[in-house]
Amino acid sequence: MNAKAKSFSLLDRQVLQRTLIDAVVKLNPLHLIKNPVMFVVEVGCILTTLLIIQALSGHGDERTSFIVAISLWLWFTLLFANFAEAMAEGRGKAQARSLKGSRRDVTAKLLYEPDRNAIFDLVAGSQLKKGDLVLVNAGDTIPGDGEVTVGVASVDESAITGESAPVIRESGGDRSAVTGGTRVLSDWLIVRITANPGETFLDKMIAMVEGAKRQKTPNEIALDILLAGLTLIFLLATVTLVPFSLYSVRATGQGAPISMTVIVALLICLIPTTIGGLLSAIGIAGMDRMIQANVIALSGKAVEAAGDVDVLLLDKTGTITLGNREATEFIPIGGITAVQLADAAQLSSLADETPEGRSIVVLAKKAYGIRERDIKTLGVRFIPFTAKSRMSGVNLDGREIRKGAADAVEVYVKAKGGGFPEEANAIVNGIAVQGGTPLVVVEGSQVLGAIRLSDVVKGGIRERFSELRQMGIQTVMITGDNPLTAAAVAAEAGVDDFLAQATPEAKLNLIRAYQAQGHLVAMTGDGTNDAPALAQADVAVAMNTG
């Protein structure tokens with residue numbers, strides 16, 4: 001499954017064929033009555049067509065060639081407007097078919113109690129209802145949107161978010177939401193389904209692409225009213241020309257009354273046919289562009305408000321930074337050399353396919369010239385990472401090398417009869433204070449040192465913020481990091497301001513402070529702790545599951 005909407009060319013043969021058919025179908029007056037401007041154009045088309053027939057019989061009010069020319073232009077105007085709208089809708093429907101084709105119905109393990117060892121039934125994922133419990137093991141695809149009730153696991157959400165780094169999902173807190181179509185990489189989860197069939201994230205995307213739930217913006221509604229009003233005014237104005245024309249002819253005794261063909265042509269020239277004909281197509285095309293970026297607009301008002309935003313609050317992790325931590329430094333302890341630490345760290349990471357694991361292998365190679373070893377010829381046994389152990393490693397020639405979170409490694413070392421040095425604690429704490437993530441490497445019961453993992457600022461993000469600044473939009477980074485780390489990341493990224501050690505209350509107060517100064521505030525958020533701030537912001541940009 002891939003939730004990324006595919007883009008279709010305007011010259012796609014299938015889209016073009018269907019568009020031409022839809023453009024003709026849209027000539028149905030019951031459809032055009034929704035657009036007063038184009039409905040008047042259609043009435044004019046029919047009327048001039050009848051006038052052509054009358055002219056061919058020798059009783060025309062104008063030359064036949066003139067009436068034919070007017071009628072052809074009117075039909076072209078009407079069909080072009082219908083074609084533009086049908087093309088926009090056709091692209092959306094083609095994207096929806098692509099999404100439907102990429103969505104597969106997975107088999108779910110339906111539980112009747114939140115117990116991994118309980119008996120389960122195999123059912124189609126499409127049959128799951130809100131409140132159902134399902135068991136998802138490593139390698140399984142999560143069958144529907146839900147909340148984790150039991151377990152902790154590493155989940156690949158790249159199909160939804162586009163981020164390659166797996167994320168940890170666990171019961172309780174901000175990391176419990178899962179999306180249908182994502183895949184569990186390690187361990188297992190028991191998930192309570194939170195969406196009925198047809199209400200999942202992917203279903204909403206398909207519905208939005210098809211245009212079934214497109215909401216008109218307030219300005220669009222106002223423009224519709226204005227166009228209808230102008231059409232009515234010009235209709236009355238042109239209709240009154242007929243009695244004036246008849247009176248003038250009778251009063252002067254010369255000339256001829258204005259013809260119906262000219263009246264129709266004048267009316268169509270006066271009413272705003274271009275805006276009226278393309279307004280719907282513009283709205284659908286805008287929604288099409290948003291869907292291609294995996295954005296679902298839940299409010300037409302929000303779309304317009306986004307154009308007036310002058311303050312943008314952004315989470316640091318995953319928005320400003322890659323969210324994929326990379327190894328940047330090996331820090332040995334207790335007489336161990338950096339080369340020895342790098343060698344052990346690389347060995348423990350050769351089978352680690354996470355971005356962190358790959359970056360450790362690359363750093364050891366670049367910094368110390370340690371080449372990758374062929375894991376097939378080493379005869380090693382790799383210990384995979386699990387969300388429960390929070391460690392991975394390798395057993396090689398009697399050596400047991402592990403790397404992982406400091407507290408998990410400390411438990412492991414003590415279980416081996418060793419101790420966790422104060423020097424290691426100091427290094428771990430120092431890395432954490434500076435905003436990095438420490439991984440501790442051990443061999444047996446001996447602590448070799450630590451690896452500094454740093455979250456890397458996204459390439460080109462500084463230029464993007466510069467463009468926003470030129471547009472008059474102030475950017476504010478929000479992070480839970482300490483002020484020193486936050487200041488360093490903010491300077492590197494090029495944001496205008498930052499809020500460090502942010503709490504839900506602090507975010508809410510910051511938004512209110514900006515609004516009190518007359519600013520229009522947008523905020524991005526991905527957790528339940530962001531809910532109050534998202535509700536307070538003028539425009540809320542919520543990630544589906546973070």
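Here, every reference points to the structure presented above.
All of these numbers come straight from a predicted model, not from anything done at the bench.

Caption draft 1: Structural detail: the pairing of strand E3 (residues 133-137). Counting buried positions along E3 yields four of five residues, so the element is predominantly enclosed. Across three bridges, strand E1 (residues 107-111) lies against E3 in antiparallel orientation. If you follow Lys 109 over to E3, its bridge partner there is Leu 135. Looking at chain direction, E3 and strand E7 (residues 183-193) are connected through five bridges and run antiparallel. Following the sheet pairing, Val 134 is matched in E7 by Val 191.

Caption draft 2: View of the packing of helix H17 (residues 461-470) against helix H18 (residues 483-493). Following both chains from N to C, one finds H17 and H18 inclined at 75 degrees, their axes separated by 8 Å at the closest point. Overall, the two elements H17 and H18 adopt an arrangement that is roughly perpendicular. Here H17 contributes Ile 461, Arg 462 and Phe 465 to the contact with H18, which in turn contributes Ala 491, Glu 492 and Ala 493. Taken together, the residues of the contact of H17 with H18 break down into four nonpolar, no polar and two charged.

Caption draft 3: Highlighting the sheet that holds strand E8 (residues 311-315). Read across the open sheet, the five strands follow the order E16-E15-E8-E17-E18; overall the sheet is parallel. Of all the strands in the sheet, the pair left with one neighbour each is strand E16 (497-499) and strand E18 (539-542). Strand after strand, the sheet turns through a mean of 20 degrees between neighbouring axes, direction not considered. Where strand E17 (residues 521-525) meets E18, four bridges bridge the pair, whose relative direction is parallel. Among the inter-strand pairings, Met 523 is bridged to a residue of E18, identified as Ala 540. The strands touched by H18 are strand E15 (474-478) and E16; relative to E16, the strand with the most contacts, the crossing angle is about 150 degrees. Helix H19 (residues 504-516) rests against E8, E15, E16 and E17 of the sheet, and its axis sits at about 160 degrees to E17.

Caption draft 4: Looking closely at the pattern of salt bridges. Per the counting criterion, the structure on display carries six salt bridges. Linking Arg 452 and Glu 329 is a salt bridge whose minimum nitrogen-to-oxygen distance equals 2.9 Å. Pair noted here: Arg 452 is in strand E14 (residues 446-457) and Glu 329 is in strand E9 (residues 321-332), with a separation of 123 residues, a long-range link. Between Glu 410 and Lys 414 there is a salt bridge; the shortest N-O distance is 3.0 Å. On the criterion of helical spacing, the pair formed by Glu 410 and Lys 414 is a turn pair, its members being four residues apart in helix H15 (residues 406-415). Judged by its relative accessible area of 49%, Lys 414 is partly exposed.

Caption draft 5: Highlighting unusual backbone geometry. Notably, Asp 187 is not glycine yet its phi reads approximately 65 degrees, a positive angle. Along the chain, Asp 187 falls in strand E7. You can call Asp 187 partly exposed: its relative accessible area is 21%.

Caption draft 6: Spotlight on a nonpolar patch on the surface. A cluster of nonpolar side chains, contributed by Ile 46, Leu 47, Leu 50, Ile 53 and Met 260, occupies part of the molecular surface with about 430 Å² of accessible area. It is helix H3 (residues 36-56) that contributes the most residues to the nonpolar patch, four residues altogether. When you line up the elements, Met 260 lands in helix H8 (residues 260-270).

Caption draft 7: The nonpolar core, seen in detail. Membership of the largest hydrophobic core comes to 23 residues, with the highest contact counts inside it found for Phe 330, Ile 360, Val 441 and Ile 451. Among the elements of the structure, E9, helix H12 (338-349), helix H13 (355-368), strand E11 (391-396), strand E13 (437-443) and E14 are those that each provide at least two residues to this core. Take this core: its biggest share by element is five residues, from H12. Other than its neighbours up to four places away in sequence, Val 441 contacts Leu 341, Ala 344, Ala 345, Ile 401, Arg 402, Lys 403, Gln 446, Val 447, Leu 448, Gly 449 and Ile 451.

Caption draft 8: Here's a closer look at the packing of H3 against H8. Where H3 contacts H8, the axes come no closer than 10 Å and their chain directions differ by 160 degrees. Comparing their axes, H8 and H3 come out roughly antiparallel. In this structure, H3 crosses over H8, and the sense of that crossing is left-handed. Here Val 40, Val 41, Gly 44, Leu 47, Thr 48 and Leu 51 of H3 come into contact with H8, specifically with Met 260, Thr 261, Val 264, Leu 267 and Ile 268. Among the residues forming the contact of H3 with H8, the class breakdown is eight nonpolar, three polar and no charged.

Caption draft 9: A look at H15. Of all the residues in H15, the buried ones are Ala 406, Ala 408, Val 409, Tyr 412 and Val 413. Taken end-on, H15 shows its buried residues confined to a sector of 160 degrees, consistent with a single buried face. The outward face of H15, more than 90 degrees from its buried face, is lined by the exposed residues Val 411 and Ala 415. Tucked into the core, H15 has its buried residues touching E11, strand E12 (399-404), helix H16 (422-433), E13 and E14. Just past H15, the residue Gly 417 takes up positive phi, approximately 90 degrees.

Caption draft 10: The environment of Leu 223, seen in detail. Relative to the helices and strands, Leu 223 is located in helix H7 (residues 218-252). Residue classification places Leu 223 among the partly exposed residues on the basis of a relative accessible area of 26%. For the pair Leu 223 and Leu 279, spaced 56 residues apart in sequence, the C-alpha separation works out to 9.0 Å. Residues in contact with Leu 223, not counting those within four places in the same chain, are Ile 275 and Leu 279.

Caption draft 11: Representation of H19 in the model. The first and last C-alpha atoms of H19 sit 18 Å apart over 13 residues, in line with the 18 Å expected at 1.5 Å per residue. Within H19, burial applies to Lys 507, Leu 508, Leu 510, Ile 511 and Tyr 514. Looking straight down H19, one finds its buried side chains confined to an arc of 160 degrees; they lie on one side. Across H19 from its buried face, at more than 90 degrees, point the exposed residues Glu 505 and Ala 516. Immediately downstream of H19, the backbone of Gly 518 shows phi near 90 degrees, a positive value.

Caption draft 12: Here's a closer look at the packing of aromatic side chains. Counted under the stated rule, the structure contains three aromatic pairs. Plain terms: the ring middles of Trp 73 and Phe 76 are 6.1 Å apart, the flat faces sit at 90 degrees to each other, and that makes the pair edge-to-face. Taken as a pair, Trp 73 and Phe 76 lie in helix H4 (residues 64-102) at a separation of three residues, close to a single helical turn. Seen from their ring centres, Phe 330 and Tyr 368 are 6.2 Å apart, and the 45 degrees between their planes marks the pair as tilted. Taken together, the residues Phe 330 in strand E9 and Tyr 368 in helix H13 connect sequence positions 38 residues apart. For Phe 330, a relative accessible area of 6% corresponds to the buried category.

Rules of the game
Residues numbered from 1 in each chain as written. Predicted model: local features only at pLDDT ≥ 70, side-chain atom pairs only at ≥ 80, totals over all residues. Heavy atoms only, no water. Buried < 20%, exposed > 50% of the residue type's maximum accessible area, 1.4 Å probe, protein only. Helix = DSSP H or I, 4+ residues; strand = E, 2+ residues; numbered from the N terminus. Pairing = 2+ DSSP bridges. Axes fitted to C-alpha atoms, helices over the stretch in contact; angles between N-to-C directions. Parallel < 35°, antiparallel > 145°, perpendicular 65-115°, else oblique. Contact = heavy atoms within 4.5 Å. Nonpolar A, V, L, I, M, F, W, Y, C, P; charged D, E, K, R; others polar. Salt bridge = Lys/Arg side-chain N within 4 Å of Asp/Glu carboxyl O. Patch = residues over 30% accessible without salt bridge, like charges linked within 9 Å, V, L, I, M, F, W, Y side chains within 5 Å. Areas by Shrake-Rupley, 256 points an atom, 1.4 Å probe, with all protein chains shown as cover. Core = buried A, V, L, I, M, F, W, Y, C linked by side-chain atoms within 4.5 Å. Left-handed = near helix turned anticlockwise from the far one by under 90°. Arc of directions from axis to C-beta. Expected span 1.5 Å × (residues − 1). Phe/Tyr/Trp six-rings, centres within 6.5 Å; stacked < 30°, edge-to-face > 60°.

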